[in-house]
Amino acid sequence: AITRKWFDVKTVEVVRSVEARGWHTDEQLVRLAGAPTGSVLRVSVQDQGKVQLLVENEFLLDEPMVRYIVQEPSGYAFHIVNHTFAIKAAHIGGGIGSRSVSIEIVPAAKLGYFNRIRVFAVGDEASCLSARPLIGYIMWPKMGFDADLPDDLRHHPHLPSDLAGAGRIADLISTKAGQVFWRKYGSSIWLDFDLKQDSN
């Protein structure tokens with residue numbers, strides 16, 4: 001019901017720059033952008049061939065949502081960078097954010113030439129307590145975005161002993177104790193969602 005209400009592809013207006021005309025269908029781009037109902041999706045080609053998907057939705061978003069499609073340095077492979085994504089406070093906790101990301105992931109995997117989705121997950125314990133909490137470092141790993149556990153946390157004196165061998169953030173947050181540790185000592189970090197079929 002939430003997906004039907006907030007992610008109706010037919011209600012999204014797609015506006016393309018000249019360079020982006022004829023590239024993918026409007027529906028594919030709307031889904032790759034995770035654009036909610038009633039949005040305007042602006043598709044343009046930026047410097048170095050990077051494609052910008054900019055979603056405007058004054059009802060749901062604090063600022064335009066931006067995702068970039070970027071070619072990998074080697075080979076015919078691309079990744080998506082989730083650059084900006086801030087839902088208005090009134091709609092946080094309603095499942096809109098996680099559905100937007102899921103709707104992005106499915107076509108990216110099906111198209112076959114995206115190997116990952118990247119995000120700079122912002123926040124730390126102090127930012128969680130601010131008037132406008134920054135909790136990306138907690139939320140993105142819950143959705144399957146992952147990275148190597150930073151060295152300072154692998155050897156942290158408060159790391160639970162049964163997690164001493166944790167090499168990845170996903171390993172750490174697989175336990176309640178690890179989630180508590182990450183919430184307290186984790187901080188802003190680049191994370192990837194691996195789109196390969198054999199990934200976790």
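This report concerns the structure included in the present document. As the structure is a computational prediction, the values presented were derived from the model and not from experiment. For every chain, the first residue of the written sequence is number 1, and numbering continues from 1 along that sequence. Under the rules for a predicted model, residues below a pLDDT of 70 receive no local features and side-chain atom pairs below 80 are neither given nor counted, while totals for whole chains, interfaces and linings still include all residues. Values reported for side chains reflect all heavy atoms of the structure, with hydrogen atoms and water molecules removed beforehand.

1. Here's the deal with the environment of isoleucine 69
(1) Moving on: Inspection of the secondary structure assignment puts isoleucine 69 in strand 4 (residues 65-71).
(2) Moving on: Burial here depends on accessible area, computed with a 1.4 Å probe over protein chains only, as a share of the maximum for the residue type. Under 20% is buried, over 50% is exposed, and the range in between is partly exposed. Of the residues examined, isoleucine 69 reaches a relative accessible area of 3% and is grouped as buried.
(3) Moving on: Expressed as a C-alpha distance, the spacing of isoleucine 69 and glycine 136, which sit 67 residues apart in the sequence, is 20 Å.
(4) Moving on: We call two residues contacting when some pair of their heavy atoms lies within 4.5 Å. Excluding residues that lie within four positions of it along the chain, isoleucine 69 makes contacts with Trp23, Leu32, Gly49, Lys50, Val51, Leu53, Phe78, His79, Ile80 and Phe114. Each helix corresponds to a stretch of at least 4 residues labelled H or I by DSSP, and each strand to a stretch of at least 2 residues labelled E; elements are numbered beginning at the N terminus.

2. A word on the environment of leucine 53
(1) Moving on: Structurally, leucine 53 is set in strand 3 (residues 51-56).
(2) Moving on: Under the relative-accessibility criterion, leucine 53 is labelled buried at 1%.
(3) Moving on: Remark: the alpha-carbon pair of leucine 53 and tryptophan 140, spanning 87 residues in sequence, is separated by 20 Å.
(4) Moving on: Once you skip the residues sitting within four places of it in the chain, leucine 53 turns out to touch Leu29, Leu32, Ala33, Leu41, Arg42, Val43, Met65, Val66, Arg67 and Ile69.

3. A word on the packing of helix 2 (residues 26-33) against helix 3 (residues 96-111)
(1) Moving on: It is the contact of helix 2 with helix 3, at a shortest axis distance of 6 Å, that shows an interaxial angle of 125°. Overall, the two elements helix 2 and helix 3 adopt an arrangement that is oblique. Seen from helix 2, the contacting residues are Gln28, Arg31, Leu32 and Ala33; seen from helix 3, they are Ser100, Ile103, Glu104, Pro107, Ala108 and Leu111.
(2) Moving on: In terms of residue class, the contact of helix 2 with helix 3 is built from six nonpolar, two polar and two charged. Only the stretch in contact is used when a helix axis is fitted, and all axes are lines through C-alpha atoms; the angle between N-to-C directions ranges over 0 to 180 degrees. Each angle gets one of four labels, with under 35 degrees taken as roughly parallel, over 145 as roughly antiparallel, 65 to 115 as roughly perpendicular, and the rest as oblique. Here the term charged refers only to Asp, Glu, Lys and Arg, the term nonpolar to Ala, Val, Leu, Ile, Met, Phe, Trp, Tyr, Cys and Pro, and the term polar to all other amino acids, Gly among them.

4. Considerations on the nonpolar core
Side chains of a nonpolar character, in soluble globular proteins, are inclined to be buried together.
(1) Moving on: Within the largest apolar cluster, 53 residues are counted, with the highest numbers of intra-cluster contacts made by Leu41, Leu53, Phe114, Trp182 and Leu191.
(2) Moving on: In terms of residue count, helix 3 provides more of this core than any other element does, five residues in total. Throughout this description, the term nonpolar core refers to a set of buried Ala, Val, Leu, Ile, Met, Phe, Trp, Tyr and Cys residues connected via side-chain atoms within 4.5 Å.

5. Examining unusual backbone geometry
(1) Moving on: Located in the positive-phi region is histidine 24, a residue other than glycine, with phi close to 65°.
(2) Moving on: Despite not being glycine, glutamine 48 has its phi angle at roughly 60°, a positive value.

6. Side note on the packing of aromatic side chains
Pairs of aromatic rings are described using the distance from one ring centre to the other and the angle between the two planes.
(1) Moving on: In this scheme Phe, Tyr and Trp rings, the latter by its six-membered ring, pair at centre separations within 6.5 Å, and the angle between planes marks the pair as stacked below 30 degrees, edge-to-face above 60, and tilted otherwise. A full pass over the atoms with the stated rule returns eleven aromatic pairs.
(2) Moving on: Taking the centre distance of 6.0 Å and the plane angle of 20° together, the rings of tryptophan 6 and phenylalanine 59 count as stacked. Taken together, the positions of tryptophan 6 in helix 1 (residues 2-6) and phenylalanine 59 in the loop between strand 3 and strand 4 put the pair 53 residues apart, joining distant regions of the chain.
(3) Moving on: Classification of tryptophan 6 as buried rests on a relative accessible area of 15%.
(4) Moving on: Ring geometry for tyrosine 76 against phenylalanine 78: centres 5.6 Å apart, planes inclined by 90°, an arrangement best described as edge-to-face.
(5) Moving on: Given a relative accessible area of 16%, phenylalanine 78 falls into the buried group.
(6) Moving on: By way of ring pairs, the aromatic residues Tyr76, Phe78, Tyr113 and Phe114 are connected into one cluster.
(7) Moving on: Over a ring means this: the NZ of a Lys or the CZ of an Arg is within 6 Å of the ring centre and within 35 degrees of the ring normal. Across the ring face of phenylalanine 85, the terminal group of arginine 67 is positioned such that the distance to the ring centre comes to 5.5 Å.
(8) Moving on: Here the guanidinium or amino end of lysine 184 rests over the ring plane of tyrosine 185, the centre of that ring lying 5.7 Å away.

7. Considerations on a nonpolar patch on the surface
(1) Moving on: A contiguous nonpolar surface patch, about 360 Å² in accessible area, is contributed by Phe120, Val122, Leu134 and Trp190.
(2) Moving on: Note that phenylalanine 120 resides in strand 6 (residues 114-124). Residues forming no salt bridge and having over 30% relative accessible area are the ones grouped into patches, like charges within 9 Å of each other and nonpolar side chains (Val, Leu, Ile, Met, Phe, Trp, Tyr) within 5 Å. Here the open area of atoms and residues is found with the Shrake-Rupley method and a 1.4 Å probe, where only the protein chains shown may cover a residue. We define a salt bridge as a side-chain nitrogen of Lys or Arg found within 4 Å of a carboxyl oxygen belonging to Asp or Glu.

8. Details of the environment of leucine 159
(1) Moving on: Along the chain, leucine 159 turns up in the loop between helix 6 (151-154) and helix 7 (169-172).
(2) Moving on: By relative accessible area, which is 11% here, leucine 159 ends up buried.
(3) Moving on: Remark: the alpha-carbon pair of leucine 159 and phenylalanine 181, spanning 22 residues in sequence, is separated by 6.8 Å.
(4) Moving on: Excluding its chain neighbours within four sequence positions, the residues that come into contact with leucine 159 are Leu153, Arg154, Ala164, Leu172 and Phe181.

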